[in-house]
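# Architecture and fold: a report
Chain residues, written in single-letter form:
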Amino acid sequence: MTESQLIRQACQGNASAVRALYERYSPRVFAVVRRIAGDDDTAQDYAQEAWIRAIRALPTFRGDARFSTWLHRIAVNSALQALRKAETRTKRQAPMPAAIPVSPPQGDRDTLLGNLLERAMDQLPEGMRQVLVLHDVEGYTHEEIGGILGVTSGTSKSQLFKARAKMRDLLRPTLAGETENEEGVEAWGT
Amino acid sequence: MGHLSTETLARLVSEAPTPGEAEHLASCSLCRSELEDLKVQTDALGRLPDLRPPEGDWEALEGRLVSEGLIHEGNGAAGPSRWWASGWLQAAAGLVLFLTGAALGPRIASPSFFDDEPAQGAPGDVSLVPVEAGSPPPTTLPEAAEAVRMAERQYIDALVRYRQLVDSQGNPSLVGDPASRFAAIESLVAAGRAALQEAPTDPFVNGVLVSALAERESILRNASLSGDGVF
């Protein structure tokens, strides 16, 4: 069944079609929502909220953009809006740890590096993390990010450079330790 | 000029350096190395893989979608643990129970039951007219549903009359006579087919029709095996 057929049937409330769309795109939706949310507990709620919104808005999808792009934008907006509604985010205000804990490498070097990056992103202040995720991970432009977050593109750039620097600060001790263990140099690519 | 700050180097990942910054980078291996690390970090962020949702995520989402009326429950999305919740199967099971109960009921009911509540019409005027033969086919879903209800009513009336005739005439040859039952099933099949034209995907209508067809096949098979010539 083609994607347009699935979408048409999902519009009519066909659960099989909705599930097929979910199976196809849930990893993409969950990934972006998880990185914006910054923790697993809220990520699932936000992702589900994103799907509810998407299915509800499905009749308005006209096919001008790719469905994956349309869905991705809904997921981003939904997660950001949910974050704004959150009353307090005390976790984000906690002092930054001196270093990211290192766990023994369990996979290839991309897996190790990916895990380090994910954990470092979780430690970023909310505003920095959002811009970093949208720009460096998801590929949005500063103009697009400004539109989504309601800030200027200059603010988006400034936050991005701070976020990259903070990530580097968070990862440096870990990677230095890895270097001493004669594993991190190769893994990090220096 | 001192070393470039990490934030400045982070900017140089995606923007060109000023002449002063370029000059420093050309002469400082430490800053060049730091910039290179930042580029690797940024490149790696862009290659992070998608993340699979936790186990049970779809089930939780499905429940929310159903509760908000965004999907219809039981139209194929349920997993193996929810097969029993299919409306189609529930309808079919309901009809089987109905047919079984209707068939067994007269046998276990006392004759006084029928004396207290006699069926309408004089004995012997049982006449089951198939919906499609005696009236125009339904053109709307309510009409089709009404046709099904009428067929069910006729079926029940036929069974009641059948029992009354057996009791009043004491004709053992009538016990197990499938003729009136077959006529009722035929009526259900006709009504089900008419309803299906109106609502091809309706689970209840499909369930009624499939069960009625299965029952009709059973009657025909039994009649064939017994050599009964009533059909």
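Conventions adopted
Each residue is numbered by its place in its chain's sequence as written, counting from 1. As they are written, the chains are lettered A onward and the ligands numbered 1 onward, keeping that order. Owing to the predicted nature of the model, reporting of local features is limited to residues with pLDDT of at least 70; listing and counting of side-chain atom pairs is limited to 80 or more, with chain, interface and lining totals taken over all residues. Runs of E in the DSSP output that reach at least two residues are strands. Runs of H or I that reach at least four are helices, and both are numbered from the N terminus. Field definition: a residue is buried when 20 or more other C-beta atoms are found within 10 Å of its C-beta, exposed when 12 or fewer are, and partly exposed for counts in between, with C-beta atoms placed from the backbone. Each residue is represented by a C-beta atom placed from its backbone, and any two residues with such atoms within 7 Å are regarded as in contact. Definition of nonpolar core: a set of buried Ala, Val, Leu, Ile, Met, Phe, Trp, Tyr and Cys residues joined via C-beta atoms within 7 Å. Along the chain, pLDDT gives the predictor's confidence residue by residue, from 0 to 100. The span you would expect from a helix comes to 1.5 Å times its residue count less one. Each C-beta atom gives one direction from the helix axis, and the arc is the one those directions make. Classification convention: Asp, Glu, Lys, Arg as charged; Ala, Val, Leu, Ile, Met, Phe, Trp, Tyr, Cys, Pro as nonpolar; all other residues, Gly among them, as polar. What counts as an axis is a line fitted to C-alpha atoms, over the stretch in contact for a helix, and the angles between N-to-C directions run from 0 to 180 degrees. Working rule for angles: under 35 degrees goes down as roughly parallel, over 145 as roughly antiparallel, 65 to 115 as roughly perpendicular, anything else as oblique. In this scheme, a crossing is called left-handed if the near helix is turned counterclockwise away from the far one by less than a right angle; it is called right-handed if the turn is clockwise.

For the rest of this paragraph, the subject is the overall build of chain A. Helices and strands together make up the secondary structure of chain A, namely 10 helices and 0 strands. Its helices and strands in sequence order give chain A the pattern α-α-α-α-α-α-α-α-α-α, from N to C terminus. Across the 190 residues in chain A, those meeting the buried criterion constitute 38%. The contacts in chain A between residues at least 6 apart in sequence include a share of 63% that link residues at least 24 apart.

Before going further, it helps to examine the nonpolar core. Counting residues in each nonpolar core, the largest one holds 62 residues, and the members touching the most others are A:Val18, A:Val29, A:Val33, A:Ala50, A:Ala75 and A:Ala79. Considering every element that reaches this core, the biggest residue donor is helix α2 (residues 15-37) of chain A, with 12 residues. Setting aside residues up to four positions removed in sequence, A:Ala75 forms contacts with A:Val29, A:Val32, A:Val33 and A:Ala50. Within the second largest apolar cluster, 17 residues are counted, among which are B:Ala184, B:Ala190, B:Val208 and B:Ala212.

On to the confidence of the model for chain A. All names here are of chain A. Looking at chain A as a whole, the pLDDT averages 84, with 80% of positions reaching at least 70. Low pLDDT (under 50) marks residues 94-106, which in the prediction has 16 contacts with non-local residues, meaning those over four places away or in another chain. Confidence over residues 182-190 falls short of pLDDT 50; this stretch has 21 contacts with residues more than four positions distant or in other chains.

Another point: helix α3 (residues 29-45) of chain B. All names here are of chain B. In this model, α3 (17 residues) spans 24 Å end to end at C-alpha, consistent with the 24 Å of a helix rising 1.5 Å per residue. Considered for burial, the residues of α3 that qualify are Cys31, Glu34, Leu35, Leu38, Gln41, Thr42 and Leu45. End-on, the buried residues of α3 take up no more than an arc of 120°, which puts them together on one face. Facing away from the buried side of α3, by more than 90 degrees, are the exposed residues Ser29, Ser33 and Asp43.

A few words on the interface of chain B and chain A. Of the residues lining the interface, 36 residues belong to chain B; the matching set on chain A comes to 36 residues. Mapped onto the side of chain B that touches chain A, the elements with two or more residues apiece are α1 (6-12), α3 and α4 (57-67) of chain B. For the side of chain B that touches chain A, the leading source of residues is α3(B), giving 9 residues. Classifying every residue of the side of chain B that touches chain A by side-chain character gives 18 nonpolar, 8 polar and 10 charged.

Turning our attention to the packing of helix α1 (residues 3-11) of chain A against α2(A). Residue and element names in this part refer to chain A. α2 packs onto α1 with a crossing angle of 130° between their chain directions and a minimal axis gap of 7 Å. The pairing of α1 with α2 is recorded here as oblique in orientation. Crossing hand, α1 versus α2: left-handed. Contact residues: α1 offers Leu6, Gln9 and Ala10, while α2 offers Ala17, Val18, Ala20 and Leu21. Each residue belonging to the contact of α1 with α2 can be placed in one class, and the counts come to 6 nonpolar, 1 polar and no charged.

On to the environment of B:Phe204, then. Structurally, B:Phe204 is set in helix α10 (residues 203-226). Residues B:Phe204 and B:Gly192, spaced 12 residues apart in sequence, show a C-alpha to C-alpha distance of 9.7 Å.

This part takes up the packing of α2(A) against helix α3 (residues 40-57) of chain A. All names here are of chain A. For the pair α2 and α3, the least separation of the axes is 9 Å and the interaxial angle reads 135°. Classed by the angle they form, the pair α2 and α3 counts as oblique. Note that α2 runs across α3; the crossing there is right-handed. Side by side, α2 and α3 meet where Val18, Tyr22, Val29, Phe30, Val33, Arg34 and Ala37 of the first sit next to Thr42, Ala43, Tyr46, Ala47, Ala50, Trp51 and Ile55 of the second.

To continue, consider the confidence of the model for chain B. Residues and elements named next belong to chain B. Summarising the model, chain B shows a mean pLDDT of 71, and 51% of its residues fall at 70 or more. Element-level pLDDT for chain B is lowest in helix α7 (residues 131-134), with a mean of 44, against a maximum mean of 97 in α1. Contacts for the low-pLDDT stretch residues 76-88, under 50 throughout, to residues beyond four places or in other chains number 20 contacts. In the predicted structure, residues 112-134 sits below a pLDDT of 50 and forms 32 contacts with residues beyond four places in sequence or in another chain.

Below, the discussion takes up the environment of A:Ala163. Residue and element names in this part refer to chain A. By secondary structure assignment, the location of Ala163 is in helix α9 (residues 153-180). You can call Ala163 buried: it has 25 C-beta atoms within 10 Å. Taking C-alpha positions, Ala163 is 8.7 Å from Met121, a pair spaced 42 residues apart along the chain. Apart from residues no more than four positions distant in its own chain, Ala163 is found in contact with Leu124, Met128, Arg129, Val131 and Leu132.

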